[in-house]
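The residues making up each chain are set out below.
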Amino acid sequence: MTIAPLRHHARAAWSDSRLLYALEEVVEAELNRHLKVAKEWMPHEYVPWSDGRNFDGVMGGEAWAPEQSKVTDIGRTALVVNLLTEDNLPSYHHEIASLFGRDGAWGTWVHRWTAEEGRHGIVMRDYLLTSRAVDPVALERFRMQHMSEGFESDNRHSMLHSVAYVAFQELATRISHRNTGHHSGDPVCDRMLARIATDENLHMVFYRNLLGKAFELAPDQTMSAVRDVVVGFRMPGHGIPGFERAAAQMAIGGIYNLRIHHDDVLQPVLRFLKVLEITGLGPEGLRAQEELGLFMGGLDAEATKFDERREALLARRRARAEQAAEQA
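Predicted model, so just to flag it, every value in this text is computed and none were measured. (Residues numbered from 1 in each chain as written. Predicted model: local features only at pLDDT ≥ 70, side-chain atom pairs only at ≥ 80, totals over all residues. Heavy atoms only, no water.)

Colleague: Please clarify how the nonpolar core should be interpreted in this entry.
Modeller: One broad trend across soluble globular proteins is that nonpolar side chains are buried collectively. Ranked by size, the top nonpolar core spans 88 residues in total, and within it Phe-100, Phe-168, Met-192, Tyr-207 and Val-226 carry the most contacts. If one sorts the elements of this core by residue count, helix α7 (residues 187-217) sits on top with 13 residues. Leave out the neighbours within four places in its chain, and Met-192 touches Tyr-46, Val-123, Met-124 and Tyr-127. (Core = buried A, V, L, I, M, F, W, Y, C linked by side-chain atoms within 4.5 Å. Buried < 20%, exposed > 50% of the residue type's maximum accessible area, 1.4 Å probe, protein only. Helix = DSSP H or I, 4+ residues; strand = E, 2+ residues; numbered from the N terminus. Contact = heavy atoms within 4.5 Å.)

Colleague: Where do I start with the confidence of the model for the chain in this structure?
Modeller: Atomic detail in the predicted coordinates should be set aside for any region of low pLDDT. Here the chain averages 92 in pLDDT, while 96% of its residues score no lower than 70. Predicted confidence is poor over residues 1-10, with pLDDT under 50, and the contacts of this stretch with residues over four places away or in other chains come to 19 contacts. (pLDDT = per-residue confidence, 0-100.)

Colleague: Please explain the packing of aromatic side chains as it appears in this structure.
Modeller: In this description, an aromatic ring pair is defined by two values, namely the gap between the centres and the angle between the planes. Tallied over the entire structure, the rule returns 6 aromatic pairs. Arranged with centres 4.7 Å apart and planes meeting at 35°, the rings of Phe-100 and Trp-106 form a pair that is tilted. Under the relative-accessibility criterion, Trp-106 is labelled buried at 2%. When the centroid spacing of 5.3 Å and the interplanar angle of 85° are considered together, the rings of Phe-206 and Tyr-207 count as edge-to-face. Among the residues examined, Tyr-207 registers a relative accessible area of 1% and is labelled buried. A network of ring pairs unites the aromatic residues Trp-109, Phe-206 and Tyr-207 as a single cluster. The ring of Trp-14 is capped by Arg-18, whose NZ or CZ atom sits 4.0 Å from the centre of that ring. Looking at Arg-208, its charged tip hangs above the ring of Phe-272, at a distance of 3.5 Å from the centre. (Phe/Tyr/Trp six-rings, centres within 6.5 Å; stacked < 30°, edge-to-face > 60°. Lys NZ or Arg CZ within 6 Å of the ring centre and 35° of its normal.)

Colleague: I'm lost on the pattern of salt bridges in this one. Help?
Modeller: Pairing between side chains becomes possible if they bear opposite charge and their charged atoms approach one another. Under the criterion given, the structure shown has 19 salt bridges. For Asp-199, the salt bridge identified is with Arg-195, shortest N-O distance 2.9 Å. Of the two residues, Asp-199 and Arg-195 are both situated in helix α7; the distance of 4 residues between them amounts to about one turn of the helix. Given the relative accessible area of 3%, Asp-199 is considered buried. Among the residues examined, Arg-195 registers a relative accessible area of 13% and is labelled buried. The residue Glu-291 makes a salt bridge to Arg-227 at a minimum N-O spacing of 2.4 Å. One end of the pair, Glu-291, is in helix α11 (residues 283-327); the other, Arg-227, is in helix α8 (residues 219-231), with 64 residues separating them in the sequence. Note on Arg-227: relative accessible area 17%, which makes it buried. Taken together, the shared-partner salt bridges connect Arg-259, Asp-263, Asp-300 and Asp-307 into one network. (Salt bridge = Lys/Arg side-chain N within 4 Å of Asp/Glu carboxyl O.)

Colleague: Which parts of the structure should I look at to understand the side chain of Thr-222?
Modeller: Following the sequence through the fold, Thr-222 ends up in helix α8. On the basis of relative accessible area, Thr-222 is assigned to the buried category, the value being 0%. Excluding residues within four positions of it along the chain, Thr-222 makes contact with Leu-160, Leu-211, Ala-214 and Phe-215.

Colleague: Can you walk me through the packing of helix α3 (residues 89-100) against helix α4 (residues 104-130) in this structure?
Modeller: Helix-helix packing is characterised by the crossing angle of the two axes and by the distance between the axes. In the contact formed by α3 and α4, the axes pass within 10 Å of each other and the chain directions differ by 170°. It follows from the interaxial angle that α3 and α4 lie roughly antiparallel. In this structure, α3 contributes Leu-89, Tyr-92, His-93, Ile-96, Ala-97 and Phe-100 to the contact, and α4 contributes Trp-106, Val-110, His-111, Trp-113, Thr-114, Glu-117 and Gly-118. For the contact of α3 with α4, the per-class residue count stands at 8 nonpolar, 4 polar and 1 charged. (Axes fitted to C-alpha atoms, helices over the stretch in contact; angles between N-to-C directions. Parallel < 35°, antiparallel > 145°, perpendicular 65-115°, else oblique. Nonpolar A, V, L, I, M, F, W, Y, C, P; charged D, E, K, R; others polar.)

So this is what it looks like as C-alpha cells:
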C-alpha cells in the first residue's frame, strides 16, 4: 500500500488523509520496532513507599511543610510543572486520536503511547506524595485548574504539523525530566525521572523517523511544517497556572532554557534528519528551509545572550551567599 511521492514538477499538496494512508506502513514498522526495544517497568518499584505517612485531613495525619521535602527548591518547581504537564494526558489522547485515528497501526500506536504516558503521571504523583516532595493541596488545586481548562494544540489543524511538533516535544520532555532529576537533590527522584526519560526518548525516535519519511513523500509541505513548529514552539504545559514564572526559574536553574532548547532539542532532530541539507525542494520548501536556518541562527545568538545574563545573575547570587556566610 505504499504510495509513491509526487514528482517534483507536480507540487499538489498532500491531504491529511492521503498522508495518513501513505505513512501507515512506516507507522506499523516503527510500532513493531518500538515494541521490541521498549522494556516493561513497574511504577510502584520507583516509589519509596516506606517513607510514606498520613497527611492531615480525614486520616488525621501530619500536615505538609516545606522542610519535609528532600528535593531542592528548583526541583520542586520543575516536578510540579512536569507532573501537571503529564496530567493532561486525556486531552493529548483526544488530540492525537482525532488526528491519527483509532484504527490500524495508527490507532494501535495512539493507544500504546497513551498507556505508556499514563505510567509517567502515576509514578510521579506517587513519588511526590509518598516522599512529601511538594504541597499536596496546592498540587491538587493546580491539577484541577489546569485540567479543567483542557488543552488545544497549536498544531491541531494539520497532521504534518502535529508529527513535526511531537518529534521535538518528546525530546524536550525527555530533557526536562532528565535535568529535573539531576537537579532534584534526591537519588530516588533522579532514578525515577531517568526511567521516564527513557520512554520519552523512544517516543521521540518513533515520531522523528516518521517525520523523516514525511520528508521523502512531501518535502515542501514537511519543510514548511517543521519551520512553523520550530519558530512557534511552545511546551504543552504552557497553560499551567504560574507557568511563566516557573519556566523562568527552570531556565535559570539549568533545567530548560534557550541554550538547552537550541542545543539539545532542536539541533539533534534537525541534524539527524539533515533538514537544512535537503535538496530538490520547490519554491515553498526552499523558502521554509531558508527561514528555518535564519531562525536557528537567531536563536543561537539569543541563547548566547541568555547564557551571559544567567551567568551574571548566578555570580551575584554566589557573591551574596558568600557575604552572608562571612557575616554569620
